[in-house]
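Coordinate inspection notes
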Amino acid sequence: MASLEDTSKSFRLERHGSYLLRRINSAKVVAASSHLLFRATILATVVLILLFTLHYPPLLLSGSSAVSSAGGAGGHSNHRSLMASSSASAASAINYGGAAWEREVRRSATPRRQDGLTVLVTGAAGFVGTHCSLAMKKRGDGVVGIDNFNSYYDPSLKRARQGLLGRHGVLVLEADINDAALLTKLFDVVPFSHVLHLAAQAGVRYAMRNPQSYVASNVAGLVALFEVAAKHADPQPAIVWASSSSVYGLNTATPFSESHRTDRPASLYAATKKAGEAIAHTYNHIYGLSITGLRFFTVYGPWGRPDMAYFSFTQRILAGKPINLFRRHDGAAVQRDFTYIDDVVRGCLGALDTASPSTGGGGKKRGPAQLRVYNLGNTAPVPVSKMVGILEDLLGKKAKKNVVTLPQNGDVPYTHANVSLAEQDFGYHPTTDLATGLKQFVKWYVEYYKVQTGKHTDSKKRAEEEGEETPATATA
């Protein structure tokens, strides 16, 4: 029996030893596998970083991208390397931050008149930005512009505006307002007295397709600018920025007054502009920034935005394509307070000229600072159908119209500006009626796109029949 017992014990010891050996081997396998997995993870991470660096170097070098041309600009993230067009004739590339770059920035920013303003214009290659920059440069102010030239609408039009500004001595840097390093560098190089902040993601309907672009441009971009102006710029600049008549949203009291409620936005675009007004209040209150908001009402004119109705209608009428005319749910016509660009420019310059200095520095407020908001409109709402009728006369061609009910896409059926406050504070007084303004737009459109209108064709035919020489320019 003893030998049997000894055999049993030996068997159990062998089983236990075999079990321990399997555990040890298993542990070695797990350890080896973990080590291998760790190495694979590190390798994969390195590969991803390399791929990211190769494909998106501007993001690593210069920060986030998301801002728009203003006035309209907005749109897709499209950050580009920070280069500048230094002259009218060519887009000569200048290294960002270098000595040549600084000389060009200072040259463009130096006023030619005594007591001239030194203004940083964001969204300078946008519609309103271009016109304001030209007007300020013409009267002797120093102007430097930035724009990211995104593709919300045709970037070639923005490049053409950049070229126009270059020929008049205005430097427009290709850059993003969310790039805090760039903004900081600019304020280091030039003590800007004012900022005209027009960069934004524009458009009501586009928000349904790309909502994040509105937050990135209209909220984050505004905060980025205020942060640098409040905490780094010395002296702090006075800031005039583009809000929008869209903030009135579902307000039914007319004409729209700055005292009316603006807490019922009808679109994400309107909500971001309303948020901008609240953000402006915060930075004014905490940091002493002098801030003026301007609520634009449907700005139109030469060098305008292709996404606006008057512009796209012109394109489609000339191409023989149908246009959609919206009507309200009660059958009434949709109306807009169309405001000509020259009137808006006078309002912007008036706001800049009457802006008080900021009262802070280094992130500290030393006293109460100016905080204002104004309507800039034409004060005369016009049915959109009447605008189409004027275009038909100017183009010499009838539009193919589809009349449809206004969809729930954020568009409001009616806008009407009360501008008495702007008139009182800086003499704002719109003088251009819609027919006169559209005539100037069509004249520019025909020359810029080198197209012939129906009127031009008719006059050419009459001239040929009468044996006369055809006029060199289109009748518009």
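The structure this text deals with has already been given above.
An account of the accompanying structure is given in this report. Everything numeric here is computed off the predicted structure, so don't read it as measured data.

1. Structural notes on the environment of V119
By the secondary structure assignment, V119 is in strand 2 (residues 118-122). C-alpha of V119 to C-alpha of G142: the two residues are 23 residues apart in sequence and 6.1 Å apart in space. Leave out the neighbours within four places in its chain, and V119 touches M136, G142, V143, V144, F192, H194, V195 and L196.

2. Quick look at the layout of surface pockets
In this structure, the second largest pocket occupies an estimated 370 Å³ of space. Taken together, the residues of the lining of the second largest pocket break down into eight nonpolar, eight polar and two charged.

3. Re helix 10 (residues 341-353)
Residues that lie three or four places apart on an α-helix share one face, since the helix turns once every 3.6 residues. For helix 10, built from 13 residues, the straight-helix expectation of 18 Å at 1.5 Å per residue is met to within 8% by its first-to-last C-alpha distance of 18 Å. Of all 13 residues that make up helix 10, 10 are buried, and the element is covered over most of its length.

4. A word on the pattern of salt bridges
On inspection of all chains with the given rule, the structure shows 16 salt bridges. A salt bridge links R159 to E174; the shortest N-O distance between them is 3.0 Å. Here R159 is found in helix 5 (residues 155-167), whereas its partner E174 is found in strand 4 (residues 171-174), with 15 residues between them in sequence. For the salt bridge of D263 with R261, the shortest nitrogen-to-oxygen distance reads 2.8 Å. On the basis of relative accessible area, D263 is assigned to the partly exposed category, the value being 49%. Since its relative accessible area comes to 45%, R261 is described here as partly exposed. Each of R113, R139, D141 and D353 takes part in salt bridges that share partners, so that together they form one network.

5. Quick look at the pairing of strand 5 (residues 194-197)
Going residue by residue along strand 5, you find H194 and L196 tucked away on one face and V195 and H197 tucked away on the opposite face as well. As paired elements, strand 2 and strand 5 share four bridges and run parallel to each other. Considered in strand 5, the bridge of T122 is made with H197. Where strand 5 meets strand 6 (residues 238-244), four bridges bridge the pair, whose relative direction is parallel. When the bridges of strand 6 are listed, H197 appears paired with W241.

What counts as what
- Residues numbered from 1 in each chain as written.
- Predicted model: local features only at pLDDT ≥ 70, side-chain atom pairs only at ≥ 80, totals over all residues.
- Heavy atoms only, no water.
- Helix = DSSP H or I, 4+ residues; strand = E, 2+ residues; numbered from the N terminus.
- Contact = heavy atoms within 4.5 Å.
- 1 Å grid on protein atoms, 1.4 Å probe; cavity = no way out; pocket = protein on both sides within 12 Å on 5 of 7 lines; lining within 4 Å.
- Points joined across faces, edges and corners; volume = space filled by probe spheres on them.
- Nonpolar A, V, L, I, M, F, W, Y, C, P; charged D, E, K, R; others polar.
- Expected span 1.5 Å × (residues − 1).
- Buried < 20%, exposed > 50% of the residue type's maximum accessible area, 1.4 Å probe, protein only.
- Salt bridge = Lys/Arg side-chain N within 4 Å of Asp/Glu carboxyl O.
- Pairing = 2+ DSSP bridges.

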